[in-house]
Amino acid sequence: QLSQSHSKNIFRTEVFLIQSQGMERMISQAMSDRFTSWCNFKFYHPVIFFQYISELLGLEFSTEPYERESLTWRLEQLLHDTSDPEMEPLQDYLKGDNKELKRFQLARQLANVFDQYQLMRPDLLSKWERGKGRAGHQHEGWQKFLWQKLRSQIGETPHKGLLLQKIGSLLSDKNALWGEMLPERVSVVGLNTMPPLFLKSLAAVANHSDVHLYLL
């Protein structure tokens, strides 16, 4: 049931935050069985949900350059040149037989890692962009070097972690008039684990929308 502060407008779209397409189908079938007619709804996976929220807030952010596929090919190109001293730990690995395959496989693995860093370790990436270390690990140097190269290539476009931080900052003001722009209700179904940054951003959305968690 919606809180009394909301209009309870039956024409507002019902928004669901889910983890998988299977969950989408299950909810749609259950709602159709329960209400006979089931329409005017949208299902979002977490990253797409927050991109949708950013559009509603007028934030013209595109995280496409930081998606895994894009990162894979950007990194593959960067790994052609390992002459910089920071890249020394990779030089032996990227020599010899099958170096093209090894380079692509490494680029794909790094794209997955950098994708996770955006959501799980935005503080680390922020340190790297300022030229500082954080993890103190022997392999931090070349990862920091590659991330700086990526940021230089992509330019001012913010990565996914920065987008979530911006959303959280805007919506943290409970007195701001964001309510009419945002969904009236968000139902979160089956997301039993979330990165802290997701949870903080969702809590910020809850300052202006009713957020319901359906979890085991």
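As the structure is a prediction and not an experimental result, all values here were calculated from the model.

How each quantity is defined
Residues numbered from 1 in each chain as written. Predicted model: local features only at pLDDT ≥ 70, side-chain atom pairs only at ≥ 80, totals over all residues. Heavy atoms only, no water. Helix = DSSP H or I, 4+ residues; strand = E, 2+ residues; numbered from the N terminus. Buried < 20%, exposed > 50% of the residue type's maximum accessible area, 1.4 Å probe, protein only. Contact = heavy atoms within 4.5 Å. Areas by Shrake-Rupley, 256 points an atom, 1.4 Å probe, with all protein chains shown as cover. Lys, Arg positive; Asp, Glu negative; His and termini not counted. Charge placed at Lys NZ, Arg CZ, Asp CG, Glu CD. Pairing = 2+ DSSP bridges. Axes fitted to C-alpha atoms, helices over the stretch in contact; angles between N-to-C directions. Polar contact = N/O pair within 3.5 Å; in protein donor to acceptor, adjacent residues only side chain to side chain. Right-handed = clockwise from strand over helix to strand, strands pointing away. Parallel < 35°, antiparallel > 145°, perpendicular 65-115°, else oblique. Left-handed = near helix turned anticlockwise from the far one by under 90°. Nonpolar A, V, L, I, M, F, W, Y, C, P; charged D, E, K, R; others polar. Salt bridge = Lys/Arg side-chain N within 4 Å of Asp/Glu carboxyl O. pLDDT = per-residue confidence, 0-100.

(A) Focus on the overall build of the chain. In terms of helices and strands, the chain carries nine helices and four strands. Taken from the N to the C terminus, the helices and strands of the chain come in the order β-α-β-α-α-α-α-α-α-α-β-α-β. Taking all 216 residues of the chain together, the buried fraction comes to 41%. Excluding contacts between residues fewer than 6 apart, the proportion of contacts in the chain whose partners are at least 24 apart in sequence is 75%. For the chain, the exposed area adds up to about 12600 Å²; of that, 50% sits on carbon and sulfur atoms. Computed over 25 positive and 25 negative side-chain charges, the separation of the two mean positions in the chain equals 4 Å.

(B) The arrangement of the sheet that holds strand β1 (residues 14-17) in detail. The four strands are arranged β2-β1-β3-β4 in an open sheet whose pairing can be described as parallel. Since the sheet does not close on itself, it has two edges, and those belong to β2 (41-44) and β4 (210-214), each with one partner. For this sheet, the mean inter-axis angle between neighbouring strands, taken without regard to orientation, is 20°. Here β1 runs beside strand β3 (residues 185-189); their pairing, made up of three bridges, is parallel. Of the residues in β3, the one forming a bridge with Leu17 is Val188. Strand contacts of helix α2 (residues 46-56): β1, β2 and β3, with the helix running at about 125° to β2, the strand carrying the most contacts.

(C) Expanded view of the environment of Lys102. Checked against the element boundaries, Lys102 lands in helix α5 (residues 99-120). On a C-alpha basis, the gap between Lys102 and Glu76 in space is 9.9 Å, while along the polypeptide they are 26 residues apart. Sequence-distant contacts of Lys102, defined by excluding residues within four places in its chain, comprise Tyr93, Leu94, Lys95 and Asp97. A polar side-chain atom of Lys102 sits 2.9 Å from the main-chain carbonyl oxygen of Lys95.

(D) Summary view of the pairing of β4. Bridge count for β3 against β4 is five bridges, and the pairing is parallel. Each residue of the ladder has a partner; that of Val189, found in β4, is Tyr214. Each parallel crossover has a hand, and the one from β3 via helix α9 (residues 196-205) to β4 is right-handed.

(E) Fine view of the packing of α2 against α9. At a minimum axis distance of 12 Å, the contact between α2 and α9 shows a crossing angle of 40°. It follows from the interaxial angle that α2 and α9 lie oblique. Once α2 is placed against α9, the crossing between them reads as left-handed. Across the interface between the two elements, Pro46, Val47, Phe49 and Phe50 from α2 touch Phe198, Ser201, Leu202 and Val205 from α9. The residue inventory of the contact of α2 with α9, partitioned by class, reads seven nonpolar, one polar and no charged.

(F) Broad picture of the pattern of salt bridges. Considering all chains together, one arrives at eight salt bridges under this definition. Ionic pairing is found between Glu67 and Lys160, a salt bridge with its closest N-O pair at 3.7 Å. Residue Glu67 is located in the loop between α2 and α3 (68-78), and its partner Lys160 is located in helix α8 (residues 160-171); the two are separated by 93 residues in the primary sequence. Note on Lys160: relative accessible area 6%, which makes it buried.

(G) Representation of the confidence of the model for the chain. When pLDDT is averaged across the chain, the result is 88; 94% of the residues are at 70 or more. Confidence drops under a pLDDT of 50 for residues 1-6, and excluding neighbours within four residues, the segment shows 14 contacts in the predicted structure.

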